[in-house]
Amino acid sequence: MANPTIDVILHPDLAVLYARALVEVARGDHEISSEEGAELQARLAARCGDVVGLDDVLLAPRLHVDELVAIPGDGPFRSNAVDSRTLGLMLVEDGLAVVNAKGGGDSAELLKLRHFAAALGLSDAELAAIR
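Along every chain, residues carry numbers that run from 1 in the direction the sequence is written. Since the coordinates come from a predicted model, pLDDT governs what is reported: local features require at least 70, and pairs of side-chain atoms require 80 or more to be given and counted, while whole-chain, interface and lining totals use all residues. Based on all heavy atoms of the structure, the side-chain values leave hydrogens and waters out of the count.

### A few points about the overall build of the protein
Phase 1: Helix and strand assignments come from DSSP, with helices taken as H or I runs of at least 4 residues and strands as E runs of at least 2, each series counted from the N terminus. Looking only at helices and strands, the protein features seven helices and zero strands.
Phase 2: Only protein chains enter the accessibility calculation, which uses a 1.4 Å probe. A residue is then buried if its area is under 20% of the maximum for its type, exposed if over 50%, and partly exposed in between. Here the protein, with 131 residues, has 44% of them falling under the buried criterion.
Phase 3: We call two residues in contact when some of their heavy atoms are within 4.5 Å. In the protein, the share of contacts with a sequence separation of at least 24, taken over all contacts with a separation of at least 6, comes to 77%.

### Describing the pattern of salt bridges
Phase 1: Salt-bridge detection follows one rule: a side-chain nitrogen of Lys or Arg within 4 Å of a carboxyl oxygen of Asp or Glu. Enumeration over the complete set of coordinates arrives at eleven salt bridges.
Phase 2: Here Lys102 ties to Asp29 by a salt bridge, and the two come within 2.9 Å at their closest N and O atoms. With Lys102 in the loop between helix H5 (84-99) and helix H6 (107-119) and Asp29 in the loop between helix H1 (12-26) and helix H2 (34-48), this pair connects stretches of sequence that are 73 residues apart.
Phase 3: Since its relative accessible area comes to 31%, Lys102 is described here as partly exposed.

### What about the packing of H1 against H5?
Phase 1: Closest axis-to-axis distance for the H1/H5 pair is 10 Å, and the angle between their directions is 40°. In terms of orientation, H1 lies oblique with respect to H5. Relative to H5, H1 is oriented so that their crossing is right-handed. Residues Leu14, Tyr18, Ala21, Leu22, Val25 and Ala26 of H1 lie in contact with H5, whose contacting residues are Leu87, Met90, Leu91, Asp94, Gly95, Val98 and Val99. Axis definition: a line fitted to C-alpha atoms, over the contacting stretch in the case of helices. Angles run 0 to 180 degrees between N-to-C directions. Here is the rule for angles: anything less than 35 degrees is roughly parallel, anything more than 145 is roughly antiparallel, 65 through 115 is roughly perpendicular, and the remaining ranges are oblique. Each crossing gets its hand from how the near helix is turned against the far one by less than a right angle, where anticlockwise is left-handed and clockwise is right-handed.

### Remarks on the confidence of the model for the protein
Phase 1: On a scale of 0 to 100, pLDDT captures the predictor's confidence in every residue. Looking at the protein as a whole, its pLDDT mean stands at 84, while 87% of the residues score no less than 70.
Phase 2: Across the protein, element-level confidence peaks in H2 with a mean pLDDT of 93 and bottoms out in helix H4 (residues 65-69) with 82.

### Considerations on the nonpolar core
Phase 1: In terms of nonpolar packing, the biggest core is built from 37 residues, with Leu68 and Leu91 touching the most fellow members.
Phase 2: Looking at this core element by element, the count peaks at ten residues for H1.
Phase 3: In this structure, Leu68 is in contact with Leu17, Ala21, Leu63, Leu87, Leu91, Phe116 and Leu120, ignoring residues within four places of it in sequence. Nonpolar cores are built from buried Ala, Val, Leu, Ile, Met, Phe, Trp, Tyr and Cys residues. Side-chain atoms within 4.5 Å join them into one set.

### Notes on the environment of Gly49
Phase 1: The topology assignment puts Gly49 in the loop between H2 and helix H3 (54-59).
Phase 2: The partly exposed category is assigned to Gly49, whose relative accessible area is 29%.
Phase 3: When the C-alpha positions of Gly49 and Pro12 are compared, they lie 9.6 Å apart, and in sequence the two are 37 residues distant.

### A closer look at H6
Phase 1: Expected span of a helix: the number of residues minus one, times 1.5 Å. A rise of 1.5 Å per residue sets the reference length of H6, with its 13 residues, at 18 Å; its end C-alpha atoms lie 18 Å apart and thus fit the reference within 8%.
Phase 2: Those residues of H6 that fall on the buried side of the exposure criterion are Glu109, Leu110, Leu113, Phe116 and Ala117. Burial along H6 is one-sided: seen end-on, the buried residues are contained in an arc of 125°. More than 90 degrees from the buried face of H6, the exposed residues found are Ser107 and Leu111.
Phase 3: Contacts made by the buried residues of H6 are with H1, H2, H4, H5 and helix H7 (124-128).
Phase 4: Directly after H6, the chain includes Gly121, whose backbone phi takes a positive value near 105°. Directions drawn from the helix axis to the C-beta atoms are what define this arc.

### With respect to unusual backbone geometry
In most cases, non-glycine residues show a negative phi, while peptide bonds are predominantly trans.
Phase 1: Of note, His30 is a non-glycine position whose phi angle comes to about 75°, a positive value.
Phase 2: Among the secondary structure elements, His30 is positioned in the loop between H1 and H2.
Phase 3: Of the residues examined, His30 reaches a relative accessible area of 73% and is grouped as exposed.

Following this line, the structure appears as structure tokens:
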């Protein structure tokens, strides 16, 4: 899988949606371990800067895939210059790091990650590589 072409999500609203998607992946098995929580916080700080507070994201409503796929490059998010596929690659990179922090991804977490990644335009080959 190619590396994402951008490292930081600049638009605050997109950063919050991205963070909510990453939390959904971590919650795939209905819990976030302390190891996952630490990695989640580190990934969000690196990807979203100070824009996203983990506590706020944990309390936010659950994110549905249609909310995430509707936003990259559209309307107020155009200034972020991130396309859906790039956002998907970023989510896979960060999602795998989070779910593997506890020693391996649960099948429900990986399924949630594949669901978001497919909706964001990753190919079948890229989806098959998510383990």
